[in-house]
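# Close look at the chain arrangement
So the chains spell out like this:
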Amino acid sequence: MTSTLSAQVTGPVLAAYDEGYADEVAAWNTGATHTPDLVVGATSAADVAAAIRYAGDHGLHVHVQGTGHGAEASITSGLLITTRRLDGLVVDPSTRTATIGAGQRWGAVVEAAAGHGLLPIAGAASTVGVIGLLTGGGLGPLARSHGYASDYVLDFTVVTGSGEIVTASATSHADLFWALRGGKFGLGVVTSVRVRLVELSRLYGGSLMFDAADIEPALRAWVDYTATADDQVSTSVAIIRMPPIEQIPEALRGRTLLSVRFAYPGSVSEGASLAAPLRSAAPVYLDALGELPAGQIARIHNDPTEPGASQVYGMLLDPIDQSFATAFLAAFGPTADAPFVSAELRHLGGAAARDVEGGSAVAGRAGAFACSLVGVRPDFFAKVLPDAAYDFREAVGPWLREDCNANLMGLPVTAERLATMWTEGANDRLGEIRWRYDPDSVLAKPA
């Protein structure tokens, strides 16, 4: 079965019995174990096109994986295309653009751009793959000042479900371009992207850590702060239960802390002034907020840099208040028996609420806050985490939005949630575009 396809592609073609199969299918989220019928390690858009045509001829659904950060469920059949070998990266300071292969991670792009005083608008974690973030929209530390990462896309090179290689932009395959900026599922396999960079070499950013006894006043102060926050300020908070392991710095090990993340793309003096109400909300346990080189923007969230097992449960919220804070603290505060290692709230709005010229399929722009619950204990995956997430959603029902964003949704992935993620008009338009570019439904879609 593999020999026919191997003759058509340059990259490896592997079945479960082949050496290297397990490494090829492995995801960053080790909680997902992929066992597709075949995996193709693409080295070019031509490899992707050949793999898609082969899958169509043999009745196999096509899945795609860059880093596997978004691997929420195991792939148990079909043909998996991995894009990690598509690692091209060219920064053009004269046009302030970057051309990025589908296998690249954001950390490499940030580093390459920083040498020219430029920055991509990206996500919070340096290890996340470029394409997965962009096709869902992509919220990062500068969400309120600069919007979604996909707002900066100039064009995609994409292989459609019929195996055709096309360039999607505002002037070529404009419908597909609209869909790829936020539509996420079943639209093609992106092999490269060109994005606009912003001129930013330094910012005022980082985090304030509050110890367990000061979590409540600091969280409540942040909730009040967001009601009148400057649109140039992006903040988030997370109650984090630090595991008592050697890999965690001794000052944090075994503690329950509130991390208040802050980013302001302006002067140190103005940033310090804007952050002052948060800094004075309660005694600060660790102060890591100050002038920050843009190339070190990932330090704001300090997300894990090594693979591991996780489950994420996400939701969008309307404006929150102190009653919400009470419910959040009851579920995740230092005295709660919470099974999640992190419970995060991100303040949205500002530039993230404004669509780009020509429009995009990014869902959830009207959300005021995003909430993400992260669990890392595999023995909790089957029941404890789903039950706790359900209970929290019930508790915060008055603030819970029906819509969501594809990258923020997390679990559970259900047909009902997918149906309400986009507006009815956007759903209809996405469905028509998916059918047009993948008439035989070769590309796998969730739920």
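Cut-offs used in this document
- What you see as residue numbers is a count from 1 along each chain, following the sequence as written.
- Reporting of local features is limited, given that this is a predicted model, to residues whose pLDDT is at least 70; pairs of side-chain atoms are given and counted only at 80 or more, and all residues count toward the totals for whole chains, interfaces and linings.
- To obtain the side-chain values, all non-hydrogen atoms of the structure were included, while hydrogens and water were left out.
- The secondary structure listing takes helices from DSSP runs of H or I that are at least 4 residues long and strands from runs of E that are at least 2 residues long, numbered from the N terminus.
- Two residues qualify as a contact provided that any one of their heavy atoms is within 4.5 Å of a heavy atom in the partner residue.
- Disulfides are defined as pairs of cysteine sulfur atoms found within 2.5 Å of each other.
- In this scheme, a residue with accessible area under 20% of its type's maximum is buried, one over 50% is exposed, and one in between is partly exposed, where area comes from a 1.4 Å probe on protein chains only.
- A pairing counts as a salt bridge when a side-chain nitrogen of Lys or Arg comes within 4 Å of a carboxyl oxygen of Asp or Glu.
- Only Phe, Tyr and Trp rings are paired, with Trp represented by its six-membered ring, and only when their centres lie within 6.5 Å; those with planes under 30 degrees apart are stacked, over 60 edge-to-face, the remainder tilted.
- Nitrogen and oxygen atoms within 3.5 Å of one another constitute a polar contact, given that in protein one can donate a hydrogen and the other can accept it, and given that sequence-neighbouring residues count only through two side-chain atoms.
- Residue ranges assigned to the domains are those given by an automatic or database domain assignment.
- Note on definitions: buried area is the accessible-area loss of two parts on being combined, 1.4 Å probe, summed for both.

By the secondary structure assignment, Gly 314 is in strand E16 (residues 311-317). Separated by 56 residues in sequence, Gly 314 and Leu 258 have C-alpha atoms that sit 19 Å apart. Leaving out residues up to four positions away in the same chain, Gly 314 has contacts with Cys 371, Ser 372, Arg 393, Leu 408, Met 409, Gly 410, Leu 411 and Arg 417.

A separate point is the state of the cysteines. Under the counting rule described, the total for this entry stands at 0 disulfides. For the unlinked cysteine Cys 371, the closest cysteine sulfur is that of Cys 404, found at 10 Å. The exposure class of Cys 404 is buried, given its relative accessible area of 4%.

Counted by the stated rule, this structure contains 19 salt bridges. We note a salt bridge from Arg 194 to Asp 155, for which the minimum N-O separation is 2.7 Å. Here Asp 155 lies in strand E8 (residues 153-159) and Arg 194 lies in strand E10 (residues 189-196), a separation of 39 residues in the sequence. Residue classification places Arg 194 among the partly exposed residues on the basis of a relative accessible area of 31%. Several salt bridges share partner residues, and in doing so they unite Asp 151, Asp 355 and Arg 365 into one network.

Now for the packing of aromatic side chains. Scanning the entire structure with this criterion turns up 12 aromatic pairs. Taking 5.2 Å as the distance between ring centres and 65 degrees as the angle between the ring planes, the aromatic pair formed by Phe 328 and Phe 332 counts as edge-to-face. Of this pair, Phe 328 and Phe 332 both sit in helix H10 (residues 322-332), separated by 4 residues, roughly a single helical turn. Residue classification places Phe 328 among the buried positions, given a relative accessible area of 0%.

With that settled, the discussion passes to the side chain of Ser 234. Within the secondary structure layout, Ser 234 lies in strand E13 (residues 234-241). Side-chain polar atoms of Ser 234 contact the backbone nitrogen of Arg 144, separated by 2.9 Å. What Ser 234 contacts, discounting residues up to four positions off in sequence, is Pro 141, Leu 142, Ala 143, Arg 144, Ser 145, Arg 261, Phe 262 and Ala 263.

What follows is about the domain arrangement of the protein chain. Each domain of the protein chain was delimited in the assignment, giving domain 1 (1-82), domain 2 (89-200) and domain 3 (202-416). Averaged C-alpha coordinates put domain 2 and domain 3 at centres separated by 24 Å. For domain 2, the biggest contributors to the area lost against domain 3 are Pro 141, Arg 144 and Tyr 148; these three give 29% of the whole. Our count for the contact surface shared by domain 2 and domain 3 stands at 2 salt bridges.

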